[in-house]
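Survey of secondary and tertiary structure
Below, each chain spelled out in residue letters.
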Amino acid sequence: MKPLALVATAFLSLLAAGRAQALDNVQYSKTPPSAPSQADYEEKLLGDLGGLRGRLAEAGVEIGLDYAGDVWGVASGGLKRRVTYLDFIELRANLDGEKLFGIKGNSLSVSLIDSNGTSSNASTVGSTQGIDNNEVGARGVRLYEAWMEQNFFENRLSLLVGLHDVNSEFAVTSLSDHFLTPTFQLGQSFAQSGENGPSAFPTTSLAARVKVKPTDDSYVAFAVYDGVPGAPNATSGTAIRLDRKDGLLLVGELAYVPPAADSEDAPNKLAIGGWNYTAGLDDLTRLDSNGNPARSTAQGLYFLSSARLYHDAPRARTLGAFLRLGVADGDTAQVDWDYVAGVVGNGWLPGRPDGEIGLGVSGAHNGDKYRRSVVADGDASARNETSFELYYRDTLGRGVTLQPDIQYVVNPGTDTVTDDALIFGTRLEISF
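The present account deals with the structure reproduced in this document. (Residues numbered from 1 in each chain as written. Predicted model: local features only at pLDDT ≥ 70, side-chain atom pairs only at ≥ 80, totals over all residues. Heavy atoms only, no water.)

1. Regarding a negative patch on the surface
- Judged by side-chain charge, D40, E43, D177, E264, D265 and D354 come together as a negatively charged surface patch.
- Note that D354 resides in the loop between β14 (335-346) and β15 (356-366). (Patch = residues over 30% accessible without salt bridge, like charges linked within 9 Å, V, L, I, M, F, W, Y side chains within 5 Å. Areas by Shrake-Rupley, 256 points an atom, 1.4 Å probe, with all protein chains shown as cover. Salt bridge = Lys/Arg side-chain N within 4 Å of Asp/Glu carboxyl O. Lys, Arg positive; Asp, Glu negative; His and termini not counted. Charge placed at Lys NZ, Arg CZ, Asp CG, Glu CD. Helix = DSSP H or I, 4+ residues; strand = E, 2+ residues; numbered from the N terminus.)

Next comes the structure, spelled out in structure tokens:
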């Protein structure tokens, strides 16, 4: 754990710099503090629909429809040189419980997603960490999230129950939101955990989360999730299965989030968290007295830091940096530690105030037990897979965003035979 302590010390100084630009009394919450205004809807492709969306928002109903289409081409290396396409649609409704039902501090959210992309990485690159955060294992329409949140004591205490994505609140920084490599959102040591992964895109599980904010710029959060989201044999739709044998996934996080000027996304953050599965999982190498895989506890820790380093308000320029480190037990899954780091700048191209540039690196390290299990099967495995990503994101018009993306993956799949891969991609987003 010594590397974590060293990194924490270094990034505390970065957060102190961001604190110098802080605003007072900024509240951080999963749900928006107020309903969207007419000006917000004018930034959507369909606008305010003659005032209809604004009137619904005033009544407490916000409806959003978003589309993303991704094109990828492998220029060299990987498994196969080919061009692939995938798309993703999300329909989300956010409800203000105070306006609709007279319950102060209450909100609800329901999200349906349609994912149609299973081969951009699996059949062309073979990366352990993936190349596209919208790629799924099986196509299908899913109920992604459906939760209710209740705030108390001027948002000092928050309770949430329902289908919930763990990565919407835990182990996340807003500065890495637009990277397309999935591990920039959820580290590989956590993403690979459990029998069917944690409660995260595209399959979530029932959860209960409590968050306490002792001060305006700190919080403690703890959540309990069903240990096996969905059903391992029902991967193309929504399945809610409660079985005592599945156990629970426990997640906790302690965070310091000093506010940043002109930002609602909380780019300044220093957090430490941990996760644990209560039900045992098959050990990669250890056997019980009957010769069957022994059961081991899957658990891990993560450290996260992000900070705005520069802010030029008159020219709408910002520069931020982030770092996340994750460690896992190494007994039940492939990766025993991982990291992501990157820098993100906004408004640096002349005449393009909405332009954003991101450069980052993501790495995953194979555990000793995994490597021994691979050797036992007659194969070989490299120690690490490293992925580099560079993107430029900009608004083309009302509600339309284009993001060219370049990735270079070293040791795809930690396979000693597969050549390093160079991939070019483009994401088109439309917010209706």
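2. Points about a nonpolar patch on the surface
- Taken together, L45, L46, L49, L52, L56, I63, L65, I89, L91, L112 and V141 make up a surface patch of nonpolar side chains, about 850 Å² in accessible area.
- Positionally, L56 belongs in helix α3 (residues 52-59).

3. Quick word on α3
- Every buried residue belonging to α3 is among R53, G54 and A57, and all of these are buried. The buried residues of α3 occupy an angular sector of 100 degrees when the element is viewed end-on, so they sit on one face. In α3, the exposed positions angled more than 90 degrees off the buried face are occupied by R55 and E58.
- Just past α3, the residue G60 takes up positive phi, approximately 110 degrees. (Buried < 20%, exposed > 50% of the residue type's maximum accessible area, 1.4 Å probe, protein only. Arc of directions from axis to C-beta.)

4. Some words on the side chain of D87
- Position of D87 relative to the elements: it lies in strand β2 (residues 83-96).
- Within the buried set, D87 has no salt-bridge partner at all; the shortest N-O distance to an opposite charge, 7.5 Å, is to R139.
- When near neighbours in sequence (up to four residues on either side) are disregarded, D87 contacts Y67, A68, G69, D114, S115 and N116. (Contact = heavy atoms within 4.5 Å.)

5. What to know about the packing of aromatic side chains
- In total, this model carries 11 aromatic pairs according to the counting rule given.
- Ring plane angle 80 degrees and centroid distance 6.1 Å describe the contact between Y144 and F201, whose orientation is recorded as edge-to-face. Highlighted residues: Y144 in strand β4 (residues 140-152) and F201 in the loop between α5 (188-191) and β6 (205-215), separated in sequence by 57 residues.
- Here F179 and Y391 contribute two aromatic rings whose centre-to-centre distance is 4.9 Å and whose plane-to-plane angle is 90 degrees, an arrangement assigned as edge-to-face. Linking F179 in the loop between β5 (157-164) and α5 with Y391 in strand β16 (residues 384-397), this pair joins segments that are 212 residues apart in sequence. Across the pair, exposure class does not vary: F179 and Y391 are buried alike.
- Counting every residue linked through ring pairs, the aromatic cluster contains F179, F184, F322 and Y391.
- The cationic tip of K211 hangs over the ring face of Y219; the distance from NZ or CZ to the ring centre is 4.6 Å. (Phe/Tyr/Trp six-rings, centres within 6.5 Å; stacked < 30°, edge-to-face > 60°. Lys NZ or Arg CZ within 6 Å of the ring centre and 35° of its normal.)

6. What to know about the nonpolar core
- Formed by 23 residues in total, the largest nonpolar core has its most connected members in V166, F170, F190, Y225, L249, V251 and W275.
- Looking at this core, the elements that each hand over two or more residues are β7 (218-226), β8 (248-256), β9 (269-277) and β12 (299-312).
- Ranked by the residues each element gives to this core, the list is headed by β7, at 4 residues.
- Once residues within four sequence positions are removed from consideration, F190 is found in contact with V166, P198, L249, V251 and W275.
- Counting 8 residues, the second-largest nonpolar core is a separate cluster that includes V125, L180, A421 and I423. (Core = buried A, V, L, I, M, F, W, Y, C linked by side-chain atoms within 4.5 Å.)

7. Things to note about the environment of P202
- Structurally, P202 can be placed in the loop between α5 and β6.
- Leaving out residues up to four positions away in the same chain, P202 has contacts with I113, V136, R142 and Y144.

8. Remarks on the pattern of salt bridges
- If you walk through the whole model with that rule in mind, you get 17 salt bridges.
- Salt-bridge contacts for E169 lead to R209; the nearest nitrogen and oxygen are separated by 3.1 Å. You can see E169 sitting in the loop between β5 and α5 and its partner R209 sitting in strand β6, a full 40 residues away along the chain.
- Judged by its relative accessible area of 7%, E169 is buried.
- Among the salt bridges present, the one from R315 reaches D312, with a minimum N-O distance of 2.8 Å.

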